[in-house]
Amino acid sequence: MRDLKNIKNEFPLLRDSDIVYLDSGATSQKPKCVVDRIQRYYEKENANPNHGAYKLSIKTGEEVQEVREKVAKFINAKNAEEIIFTKNATEALNLVAQSYGMANLKKGDEIVLSIMEHHSNLVPWQQVALKKKAKINYLYIDKNFEIPESEIEKKITKNTKVVCVLSVSNVLGTHNNIEKIAKKAHSVGAIVVADLTQGVAHVPFDVQKTDVDFAGFSAHKMYGPLGVGVLYGKRELLEKMDPFLMGGSMVEYVYEQKTTFAELPKKFEAGTQNLAGIIGFGAAIDFMNEIGYKAITKKEAELSKYALACLKKLSFVEIYATKNNPAVISFNVKNIHPHDVASLLDAKKICIRAGNHCAQPLLRFLNLDSTLRISFGVYNTKEDIDALVKALVEIYDKFKKYIKE
Ligand SMILES: Cc1ncc(COP(=O)(O)O)c(C=O)c1O
């Protein structure tokens, strides 16, 4: 087991600098064990597993398969063939829209999206809807930034064919009850596409218990490297779907005029994969497992409670976050543009995000253009939040005289 006490020391970028990093929702920092594993791969193991008949090549293939099994276990997939490696969550979610959506939707069908969806699980479905003349309906949120049951009951109907929902909102921190949404979706014969990208670094997700049909996420938000994503899909659905990308590695036989495709998961993994990244991702999963979700959830719940309490004390701050353990908290400083605040914080070595967070429909729904956003990782401390609060007070004090209320 890994102790969370001195965990910051395991992250070279944080250990060797005095920055306060509160932007893990954009990408998490990488522990040394992950960086070392990638370095070791390139220094001692590098080979392409595609049809290589030599030991080095076979070993890389075996390592990738091991990581696939680790990922399957991590989200409780029935088997490793249901895990497809992609370059990120966005590609995973596009794969579903293109391969499942384009083949299965027709005029008049309905796609239900939560208004909280990141553009990655929204724009691909808009394109499907436009091409197939299907309709998009949204699950709107209430004043607590949660999807009320009445929305689920009203919007998911016998015309619904696909329901897309994220496990945790990357803007509001809302944890959605995907199990309940999936139950309703399945009762009308629709499939569920879950976006776990913001959730899986913070809370466990069980694809069998929730019974989602597809799920996508990125390694880089869970202490793993950039350039690796995961698509989980139920085997019976993946088997019926056409490949998304064509080329090497995903074929069985190629003739002059036609091709037969490889079995799962290869059918969806065209070309050479980011092998070092996948193997580094395996080290990131080990890292998370060694800490354990229980400890991660406990620490981050304490942090978010503390951050919410501190921010609430600032009369010049408006908060947009669920009350229930948000790992992500959006807020604004009254009368100062979020980009200005973020730049001023940067000058104080505090990294936080400002913008629309790739969730423009949500921000429009909330009547906002952009927000500031803090998000936590296992390395964050109460001192990080104290530094943020102190800096916000200083910034506001400096600006106060120019502000007309
Ligand atoms: C909820 C959510 N979904 C999808 C994505 C897209 O992830 P990626 O850019 O790694 O594909 C993000 C990234 O911020 C996200 O927060």
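Quick caveat: nothing in here was measured; it's all calculated off a predicted structure.

S.K.: Can you tell me about the pairing of strand β12 (residues 328-333), naming the residues and giving the values?
M.R.: Taken across its six residues, β12 has six buried, putting it largely inside the fold. Of the two faces of β12, both are covered, the one formed by Val 328, Ser 330 and Asn 332 as well as the one formed by Ile 329, Phe 331 and Val 333. Direction of pairing for strand β11 (residues 317-320) relative to β12: antiparallel, over a ladder of four bridges. Bridge pairing in β12 links Tyr 320 to Ser 330. Pairing of β12 with strand β15 (residues 371-375), which is carried by four bridges, proceeds in the antiparallel orientation. Within the sheet, the bridge partner assigned to Phe 331 lies in β15 and is Leu 372.

S.K.: An account of the site of the ligand is requested, with residue identities and associated values reported.
M.R.: By nearness alone, 13 residues border the ligand, and Thr 90, Asp 195, Gln 198, Ser 218 and Lys 221 come closest of all. Contact distances for the ligand include 2.7 Å between an oxygen atom and a side-chain N or O atom of Gln 198. A distance of 2.7 Å is found between an oxygen atom of the ligand and a side-chain nitrogen or oxygen belonging to His 220. For the ligand, whose unbound accessible area comes to 390 Å², protein coverage reaches 88%. When grouped by side-chain class, the residues that make up the shell around the ligand number two nonpolar, nine polar and two charged.

S.K.: Tell me about the environment of Ser 114, residues and numbers included.
M.R.: Here Ser 114 lies in strand β3 (residues 110-114). For the pair Ser 114 and Ile 147, spaced 33 residues apart in sequence, the C-alpha separation works out to 8.0 Å. Ignoring any residue separated from it by four or fewer positions in sequence, one finds Ser 114 in contact with Tyr 138, Leu 139, Ile 147, Cys 164, Val 165 and Leu 166.

S.K.: Residue-level account of the nonpolar core, with values.
M.R.: Counting residues in hydrophobic clusters, the biggest one holds 100 residues, and the most contacted among them are Phe 85, Trp 125, Phe 214, Phe 281 and Val 378. The element that contributes the greatest number of residues to this core is helix α10 (residues 275-291), accounting for 11 residues. Three or more residues apiece are contributed to this core by two domains, here domain 1 (7-30 + 292-399) and domain 2 (34-289). Among all residues touching Trp 125, those that are not within four sequence positions of it are Val 96, Ala 97, Gly 101, Ile 111, Leu 113, Ile 136, Val 162, Cys 164 and Val 193.

S.K.: Which residues make up helix α12 (residues 338-347), and what values go with them?
M.R.: If you check which residues of α12 are buried, you get Pro 338, Val 341, Ala 342 and Leu 345. Mapping the buried residues of α12 onto a view down its axis gives an arc of 95 degrees, with all of them on the same face. Residues of α12 that are exposed and angled more than 90 degrees away from the buried face: Asp 346 and Ala 347. Looking at the buried side of α12, the elements it contacts are β12, β13 (350-351), β14 (353-355), β15 and α14 (382-399). Note on α12: the residue one or two positions beyond its end, Lys 349, has a positive phi of about 65 degrees.

S.K.: Lay out the sheet that holds strand β7 (residues 214-218) in plain terms, naming residues and giving numbers.
M.R.: Spatially, seven strands are ordered β2-β8-β7-β6-β5-β3-β4 in an open sheet, and the strand pairing comes out mixed. Of all the strands in the sheet, the pair left with one neighbour each is β2 (83-86) and β4 (135-139). The average angle at which neighbouring strand axes cross in this sheet is 20 degrees, direction not considered. Pairing of strand β5 (residues 160-166) with strand β6 (residues 191-195) involves five bridges; the strand directions are parallel. When the sheet's bridge partners are listed, Val 165 is paired in β6 with Ala 194. Lying over the sheet, helix α3 (residues 55-74) contacts β2, β7 and β8 (229-233), oriented at roughly 115 degrees with respect to β2.

S.K.: Which residues make up the packing of helix α11 (residues 293-312) against α14, and what values go with them?
M.R.: As a packed pair, α11 and α14 sit with axes 10 Å apart at the nearest point and diverge in direction by 20 degrees. Between α11 and α14, the interaxial angle falls into the category roughly parallel. Between α11 and α14 the crossing geometry is right-handed. The segment α11 lies against α14, with Leu 303, Tyr 306, Ala 307, Cys 310 and Leu 311 engaging Lys 382, Ile 385, Asp 386, Val 389 and Leu 392. Of the residues assigned to the contact of α11 with α14, the class counts are eight nonpolar, no polar and two charged.

The rules behind the values
Residues numbered from 1 in each chain as written. Predicted model: local features only at pLDDT ≥ 70, side-chain atom pairs only at ≥ 80, totals over all residues. Heavy atoms only, no water. Buried < 20%, exposed > 50% of the residue type's maximum accessible area, 1.4 Å probe, protein only. Helix = DSSP H or I, 4+ residues; strand = E, 2+ residues; numbered from the N terminus. Pairing = 2+ DSSP bridges. Near = heavy atom within 4 Å. Polar contact = N/O pair within 3.5 Å; in protein donor to acceptor, adjacent residues only side chain to side chain. Areas by Shrake-Rupley, 256 points an atom, 1.4 Å probe, with all protein chains shown as cover. Nonpolar A, V, L, I, M, F, W, Y, C, P; charged D, E, K, R; others polar. Contact = heavy atoms within 4.5 Å. Core = buried A, V, L, I, M, F, W, Y, C linked by side-chain atoms within 4.5 Å. Domains from an automatic or database assignment. Arc of directions from axis to C-beta. Axes fitted to C-alpha atoms, helices over the stretch in contact; angles between N-to-C directions. Parallel < 35°, antiparallel > 145°, perpendicular 65-115°, else oblique. Left-handed = near helix turned anticlockwise from the far one by under 90°.

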